[in-house]
Structure formats: C-alpha cells, structure tokens
Amino acid sequence: DLAMYRAKTGGKGRLEVFQPSHHTAMLQRDAVRAELSGALDAGQLQLHYQPIVDIPTQRVIGFEALLRWRHPERGLVSPLEFIPLAEENGLIVPIGRWVLQEAIRQAAEWQNRSPLGRLRMSVNVSVRQFQHPDLVHDVADALARSGLEPSLLTLEITESLFAQDIEATSRKIGLLKDLGVRLALDDFGTGYSSLSYLRRFPIDTLKIDKSFIDGVATSLEGHALVAAITQLGQNLHLEVVAEGLEDGDQLQALRALDCPLGQGYHFSRPLSAGDAVKLMLIGKKPAAAAGIPVPV
Ligand code: C2E
Ligand code: MG
Ligand code: MG
Ligand code: MG
C-alpha cells in the first residue's frame, strides 16, 4: 500500500514497477495501522497550517490545520493514506480529539499575538469523529480551556455526513452551532448530497473542491461550474473558499467571479507553526513570503 502510494506520487510510470501483491499490500496496511496507534503517544503527529486568503486584499484571514505524521523510518506519511485507516479502526477519534485541542490551543495563542488581527482556524472533522458522542463536549472543552473565541473556529465537514443518519447529524450540527463555531462544507461539489442540504443545515462556508478550481482558467465548462458555485454561495449568503488555487491565472479568474476567499499553493503551502508565525510577521501578502522554506 505504502509502496504503491510512493510509486503513484513519485512519478508517472513507476506504478507497475512497485505494485505489490494484494497480500503484501494488506500486510503493509496492517503495519501502518499498528504503528499509527503509537504515533500519537510517540509525538509523531504534528499540525501544519495553510493560509486562507482574502482574494481582493490578499490578506491572510486564517489557517486550515492539516495533520502530518512524521514516521521515524517512512518519513512524512500523507493524511490521504493514514486518515482512511484511522477512520476504519476508530483511531480517528483520539487522533481527531488531539487535532482539535492542538489547533484550538494554537489559534488561541495567535488570537492574542498575531499582527494580522483576528485569525480564524479551520479543523477537519471526519465522519466517524463527527458521529462520536464526545465530539460536542470535546469542542466545547477545548474552546473553554483555550479561551478561543468560538466564532474563530471553523469545523470542516464533508457531504458524506449527509449520507448518514440525517436526524442525528442535524441535531449535532445544531449543538455545534449553539457553541458559536462556524461550519464549512469541504470538497464541495464532489459528493452526492442534494443541494437542499444547504438550506436545511446552518452551513456557513462552501469550500469549492480543487478539481473545479483546476479548470477555472483553462476550460469554459470549468469556469462555468466555478461561476455557478460562487453565485450559489452569494445567493445563499454563504462564504466561498476556492481550494487548491495554484496559479495567477486561476486567481485572476476567481477575482473576476467575485470569489471572496482562496487557499492553495499559489499563496502558500501548509506551513509549520513556526513558519506560519514568520508569514504573519512578514505582513499581509503571502506572496511576499516567498523566502519562507516551505515543508512539503
Ligand atoms: P482537505 O481538507 O480538502 O485539505 C486540503 C488538501 O489540499 C491538503 O492536503 C492541502 O495540503 C492540499 N492543497 C492545498 N492547496 C493545494 C494546491 O494548491 N495544490 C495541491 N495539489 N494541493 C493543495 P493534505 O494536507 O494532504 O490533506 C489531505 C486531506 O486529508 C484533507 O483534505 C483532509 O480531508 C484530510 N485531513 C488532513 N488533516 C486532517 C485532520 O486533522 N483530520 C481529518 N479528519 N482529516 C484531515
Ligand atoms: Mg479541509
Ligand atoms: Mg478540501
Ligand atoms: Mg480535498
């Protein structure tokens, strides 16, 4: 599994060379799973922070916390690889709780010290973590202990949540909104949910999936889709974030569409906490932070 992942990401055409047998893949997945359960206690998990930028002013308005696993032998393991495993075996619950605490603690520290003013923090919450009975308590507890203003916290959920018990989901969303936090629909447009959920649930933000942003400046259809989603957001009074914005042409297209917020490598990769602070000190334009060493 790991070898396949490396081969897939390491370069085209290498997939065949490294493709392990199904059995080997399963063994490797088991190994990763076993090691993951010790990763939290071993201090191998860290958060990186990717800036979210106000497109008209190019100011950083907040960060998304993104989980990183620094494995002693395997190096940096992608969340795309280990989150699904953690989701399968339930480890996502303690890991997700740690992510919430750490991201909220960090946001509270920045709330009082950042020269950029009131920065927001976004935290991804997976389906299984969302469904866990402790979630609302965990969020409330982390907020209370840190002193973070609840409106500065955004929880990112996905449309897959709406494929679950809709009554329970609805109740829990209500409880979270009662805490005063914001809710974002991540990877918007890639799921199967009906648009009626946008009316039914008190969602604050749509994050347009990268796959749409990829085509915003290069294809008529791509542009039309992003225009439609941006318009939908405006009409429903939802905030819209363009995810995975990688170049100036995309930025220009999004600006012309009045898309308010963007996030992507064009502005900055996810940064260590230390580099995020450097970016805050450099000032409002993340593009000016080109000198910052960016971890991959
Ligand atoms: P996501 O929440 O949609 O996060 C955005 C992903 O896109 C991140 O990948 C980010 O590094 C990447 N990205 C941002 N800008 C660009 C760009 O311009 N180009 C490209 N190619 N990629 C860009 P990452 O950090 O690998 O995370 C992948 C996914 O893993 C996340 O997608 C999220 O679903 C999940 N994830 C990450 N951290 C957590 C966590 O703490 N908890 C949970 N439950 N899931 C997490
Ligand atoms: Mg996200
Ligand atoms: Mg996303
Ligand atoms: Mg995504």
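Owing to the predicted nature of the structure, the values given are computational and were not obtained by experimental measurement.

Glancing now at the site of ligand 1. Around ligand 1 lies a shell of 22 residues, among which Arg-68, Asn-124, Asp-186, Glu-246 and Tyr-265 are the nearest. One of the side-chain N or O atoms of Gln-50 is found 3.1 Å from a nitrogen atom in ligand 1. Take Asp-186: an N or O atom from its side chain is 2.8 Å from an oxygen atom of ligand 1. Protein contacts shield 83% of the accessible area of ligand 1, which totals 800 Å² for the unbound molecule. With 4 residues, the single largest contributor to the shell around ligand 1 is strand S2 (residues 59-71).

Looking at the magnesium ion (ligand 2), one finds its protein donor set to be Glu-64 (OE), Asn-124 (OD1), Glu-156 (OE) and Asp-186 (OD), positioned 2.0 to 2.2 Å from the metal centre. All donors of the magnesium ion (ligand 2) belong to a single chain; written as a sequence motif, their spacing is E-x59-N-x31-E-x29-D. Taken as a pair, the magnesium ion (ligand 2) and the magnesium ion (ligand 3) show a spacing of 3.9 Å, with Asp-186 coordinating each metal. Taken as a pair, Glu-64 in strand S2 and Glu-156 in strand S5 (residues 153-158) lie far apart in primary sequence, 92 residues in all. Glu-156 carries the same exposure label as Glu-64, and that label is buried.

Below, the discussion takes up helix H13 (residues 273-282). Regarding H13, the residues found buried are Asp-275, Ala-276, Leu-279 and Met-280. Looking straight down H13, one finds that the buried residues subtend no more than 150° of arc, so they occupy a single side. Looking at the buried side of H13, the elements it contacts are strand S1 (45-54), S2 and helix H5 (92-113).

As a further point, take the environment of Ala-276. Note on placement: Ala-276 falls in helix H13. Its relative accessible area of 0% is what places Ala-276 among the buried residues. Expressed as a C-alpha distance, the spacing of Ala-276 and Phe-63, which sit 213 residues apart in the sequence, is 8.8 Å. Leave out the neighbours within four places in its chain, and Ala-276 touches Tyr-49, Phe-63, Trp-110 and Leu-271.

Alternating positions in strand S7 (residues 205-208) separate into two faces, Thr-205 and Lys-207 on one and Leu-206 and Ile-208 on the other, with burial throughout. Of the strand pairs in this sheet, S7 and strand S8 (residues 239-243) are connected by 4 bridges, and their pairing is parallel. Residue pairing in the sheet places Ile-208 in a bridge with Ala-242 of S8.

Moving on, we get to the pattern of salt bridges. Under the counting rule described, the total for this entry stands at 17 salt bridges. For Arg-145, the salt bridge goes to Asp-141, with nearest N and O atoms at 3.1 Å. Linking Arg-145 with Asp-141, this pair stays in helix H7 (residues 135-146), spanning 4 residues, or about one helical turn. A salt bridge links Glu-156 to Lys-207; its shortest N-O distance comes to 2.6 Å. In this pair, Glu-156 is assigned in strand S5 and Lys-207 in strand S7, connecting sequence segments 51 residues apart. The exposure class assigned to Lys-207 is buried, which follows from its relative accessible area of 1%. Here the salt bridges do not stand alone but share partners, grouping Glu-64, Glu-156 and Lys-207 into one network.

Let's shift gears to the side chain of His-71. By the element assignment, His-71 lies in strand S2. A distance of 3.0 Å separates a polar atom in the side chain of His-71 from the backbone nitrogen of Glu-73. Within the structure, the side chain of His-71 is placed 2.9 Å from the backbone nitrogen of Arg-74, a separation counted as a polar contact. Once residues within four sequence positions are removed from consideration, His-71 is found in contact with Glu-35 and Val-77.

What counts, and where the lines are drawn
Along each chain, residue indices are assigned from 1 in the same order as the chain's sequence is written. All chains are assigned letters beginning at A, and all ligands numbers beginning at 1, according to the order in which they are written. Per-residue local features of the predicted model are confined to residues with pLDDT of at least 70, and side-chain atom pairs are confined, for both listing and counting, to 80 or more; whole-chain, interface and lining totals are unaffected and use all residues. Neither water nor hydrogens contribute to the side-chain values; these are computed over all heavy atoms in the structure. Being near a molecule or strand, for a residue, means having at least one of its heavy atoms within 4 Å of it. Side-chain atoms alone can form a polar contact between residues adjacent in sequence; in general such a contact is a pair of N or O atoms within 3.5 Å, and within protein one must be able to donate a hydrogen while the other accepts it. Values of accessible area rely on a 1.4 Å probe in the Shrake-Rupley scheme; residue burial ignores everything except the protein chains shown. For the purposes of this entry, the term helix denotes a DSSP run of H or I that reaches at least four residues, the term strand denotes a run of E that reaches at least two, and both are numbered from the N terminus. For Na, K and Ca the donor cut-off is 3.2 Å, while for other metals it is 2.8 Å, and in both cases only N, O and S atoms qualify; water is not among them, so sites may look incomplete. Burial here depends on accessible area, computed with a 1.4 Å probe over protein chains only, as a share of the maximum for the residue type. Under 20% is buried, over 50% is exposed, and the range in between is partly exposed. As used here, the arc is the angular range of directions from the helix axis to the C-beta atoms. By definition, residues are in contact when any of their heavy atoms lie within 4.5 Å. Two strands are said to pair when DSSP picks up at least two bridges between them. Here, a salt bridge means any Lys or Arg side-chain nitrogen found within 4 Å of an Asp or Glu carboxyl oxygen.

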